[in-house]
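Breakdown of the fold
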Number of protein chains: 2
Amino acid sequence: MRILIIGAAGMVGSKLAASLAGDPGSGVAAMTLVDMVEPTAPAEAGMPVATGVLDITDAGAVAEMIAAKPDVIFHLAAIVSGEAEADFDKGYAVNFDGTRNIFDAIRSHANYHPRVVFTSSIAVYGAPFPDPIPDDYFLTPLTSYGTQKLMGEAMLADYSRRGIFDGVGLRLPTICVRPGRPNKAASGFFSNILREPLVGQEAILPVSDQVRHWHASPRAAVGFLRHAMGMDTGPMGARRSVTLPGLSATVAEQIEALRRAAGDDAVKLIRRVEDPAIVKMVAGWPTRFEAGRARDLGFVAESSFDEIIAAHVEDELGGKIGGT
Amino acid sequence: MRILIIGAAGMVGSKLAASLAGDPGSGVAAMTLVDMVEPTAPAEAGMPVATGVLDITDAGAVAEMIAAKPDVIFHLAAIVSGEAEADFDKGYAVNFDGTRNIFDAIRSHANYHPRVVFTSSIAVYGAPFPDPIPDDYFLTPLTSYGTQKLMGEAMLADYSRRGIFDGVGLRLPTICVRPGRPNKAASGFFSNILREPLVGQEAILPVSDQVRHWHASPRAAVGFLRHAMGMDTGPMGARRSVTLPGLSATVAEQIEALRRAAGDDAVKLIRRVEDPAIVKMVAGWPTRFEAGRARDLGFVAESSFDEIIAAHVEDELGGKIGGT
């Protein structure tokens, strides 16, 4: 099986590539990793790995890349919510037209029917919501990013129904604990308040600890993508996108899990500094999904924040809590 | 108020134009009617009416048309379901890219914020369904036409949320009784079995009389569009498309209404010739909607097939049943 990962320089894409590269049982015979900046090939890959630069807004370059007819295409490339909101044209060009370029490049080949795994987002949902949100709840995004993902999902389903490819759309939960440095994403604090105290650093909590949200670890995200690569799509019928399972937890529950993992001193590193702008945005975010359909299709997430923190400590901190 | 009707040569568009032209209380000061073929101006219009040809896939021509900055734009232009399914490229080009051309032409003008009324369709829904289908049920189209309408709805909401225009999307029920000659639309029989016997002609019923579907008259459709032209969109929030009220009825109920209006002899003109292809398609169509949200917003449809038939006899047959 030859696979192409578009968006392989991102956090989830690079972890997916590393996971496949290091797994002799993955069934992957060759891997091509592309992104706006050239991705780094995983160390000690068990198969040939090619890397390259691809701008998905360049239809010609996309067509050239697809001409190699990979068996599985992971399409993870997108600009994030904040940027898509700030730059209308760029958001539609990358997140929508870029996606369409990939789908149409596949369509241009007769007798080519790859598996296409497309990362969507819970940003396709927009408040007000019931709690929990059922799998058949309507999609009413409140951002251009969510709109573009919804439009991508719609095309994914139609192209799959018409036999152009075999698509799976994954509405990822908020990924937590996100490794790396604090970033400016409005949702960043969910990760910051765990990641920073775990290495002895201060973190800011800008919202009430009663805020509830929907989380899965980077490890779970890689698991979702790998499951989508090989799953039987028959039971999906024409409904090709799923809201993935996750863990619904309040910030207070996150903090208690941090206390169990790293003690009171770690919890004391969380400074509460309310940010009204973030409070307002977070109020429109979903808190809990049923996600029974995805569970029935075999997707699995964590069931406690203790697990999520343990995965982070193992995967990112070499098992060591407390900083250097 | 200056209005532009795109798709004004179609059945609903021409009836809308005639309705506004003949109503001194409509508030319309000038009207421009365009379509792929030049529409006919309504007779005895109470305001200046311009007509023209517009191909919405021609972004430059669309921009020129929008440059006149009408206060209200009705976007009714589309190729139908069967054609969009048969011709993939044309369907996306007209129904999706054409819609985007209109929306982006509006976006190119600062300080311009028209009301945009966009006709969507219940084809955005796809089986299996609950009965009735609630307003917050998800959209899972089973045709490329339905997919293109869904993508248009998504953009309509996003462009409205961003303040580019003030959009209302209308998911029209199946229009019945559709005037004119029998056409090849798979849903045509719902109209044929009333329209033809009402003028002494035979009609074919290709499905069981237990088939249930969702209907509104052409008169109700014009009412929906006129209501959407002037309504307060504030209560819609970011959810800019609505499933319109209609009448849920079985074919048997249609036939009984025909019997009440035109007698047993008219009913005898319906020949039952099952068409397995149509039976199969119809099985995937929605049967009943709650549509409470649209009713709360002031949209009104018929409550019996007697009313629908009476409207047809009045509007299309000059009050006369039974043919020439």
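About the cut-offs
- Numbering of residues starts from 1 in every chain and runs along the sequence as written.
- The lettering of chains begins at A and the numbering of ligands begins at 1, in the order of writing.
- Given that this is a predicted model, residues contribute local features only at a pLDDT of at least 70 and side-chain atom pairs are listed and counted only at 80 or more, while totals for whole chains, interfaces and linings are drawn from all residues.
- What counts as a contact is two residues whose backbone-derived C-beta atoms lie within 7 Å of each other.
- Residues are grouped as follows: Ala, Val, Leu, Ile, Met, Phe, Trp, Tyr, Cys and Pro are nonpolar; Asp, Glu, Lys and Arg are charged; every other residue, Gly included, is polar.
- Buried means a residue has 20 or more other C-beta atoms within 10 Å of its own C-beta, exposed means 12 or fewer, and partly exposed covers the counts in between; C-beta atoms are placed from the backbone.
- Numbering goes from the N terminus for both helices and strands, where a helix is a DSSP run of H or I of at least four residues and a strand is a run of E of at least two.
- Paired strands, as defined in this entry, are two strands with at least two bridges between them according to DSSP.
- The path from the first strand over the helix to the second decides the hand: if it runs clockwise while the strands point away from the viewer, the crossover is right-handed.
- A residue's pLDDT is the confidence the predictor assigns to it, expressed on a 0 to 100 scale.
- The copies were overlaid with a least-squares fit restricted to C-alpha atoms from residues scoring a pLDDT of at least 70 in each copy.

1. Thoughts on the interface of chain B and chain A
Taken residue by residue, the interface counts 17 residues in chain B and 17 residues in chain A. Taken together, the residues that form the side of chain B that touches chain A break down as 9 nonpolar, 4 polar and 4 charged.

2. Section: the pairing of strand S6 (residues 166-172) of chain A
Residue and element names in this part refer to chain A. Counting buried positions along S6 yields 6 of 7 residues, so the element is predominantly enclosed. Bridge count between strand S5 (residues 115-121) and S6: 7 bridges; the pairing is parallel. Note that in S6 the partner of Val116 across the bridge is Gly167. Running through helix H5 (residues 144-161), the crossover from S5 to the neighbouring parallel element S6 is right-handed.

3. Let's talk about unusual backbone geometry
The omega angle of the peptide bond from Ala127 of chain B to Pro128 of chain B is 0°, so this bond is cis rather than trans. Between Asp131 of chain B and the following residue, Pro132 of chain B, the backbone shows a cis peptide bond with an omega angle of 0°. Note on placement: Pro132 of chain B falls in the loop between strand S5 (115-121) and helix H5 (144-161). A positive phi angle is found at Lys69 of chain A, which is not glycine, with a value near 50°. Following the sequence through the fold, Lys69 of chain A ends up in the loop between helix H2 (59-66) and strand S4 (72-75). Of the residues examined, Lys69 of chain A has 14 C-beta atoms within 10 Å and is grouped as partly exposed.

4. Some points on the sheet that holds strand S11 (residues 247-250) of chain A
Residue and element names in this part refer to chain A. The 3 strands are arranged S7-S9-S11 in an open sheet whose pairing can be described as mixed. Looking at strand neighbours, the two that pair on one side only are strand S7 (174-175) and S11, the edges of this open sheet. Where strand S9 (residues 212-216) and S11 come together, 4 bridges link them in antiparallel fashion. Bridge pairing in S11 places His213 opposite Ala249.

5. So, the confidence of the model for chain A
With 99% of its residues at a pLDDT of 70 or more, chain A has an overall mean of 96. The complex prediction reports pTM at 0.96, with the ipTM value standing at 0.95.

6. A closer look at the relation of the copies chain B and chain A
Superposing chain B onto chain A takes a rotation of 180° combined with a translation of 0.0 Å along the rotation axis, leaving an RMSD of 0.0 Å. Those values place the two copies in the arrangement expected of a two-fold rotation axis. Residues of chain B ranked by C-alpha distance from the rotation axis are headed by Phe138 of chain B, positioned 2.0 Å from it.

7. Looking at the sheet that holds strand S7 (residues 174-175) of chain B
Residue and element names in this part refer to chain B. The 3 strands lie next to each other as S7-S9-S11, forming an open sheet whose pairing is mixed. Whereas interior strands pair on both sides, the edge strands pair on one side only; in this sheet they are S7 and strand S11 (247-250). In this sheet, strand S9 (residues 212-216) lies alongside S7 in parallel orientation, the contact comprising 2 bridges. Paired with Thr174 across the bridge in S9 is His215.

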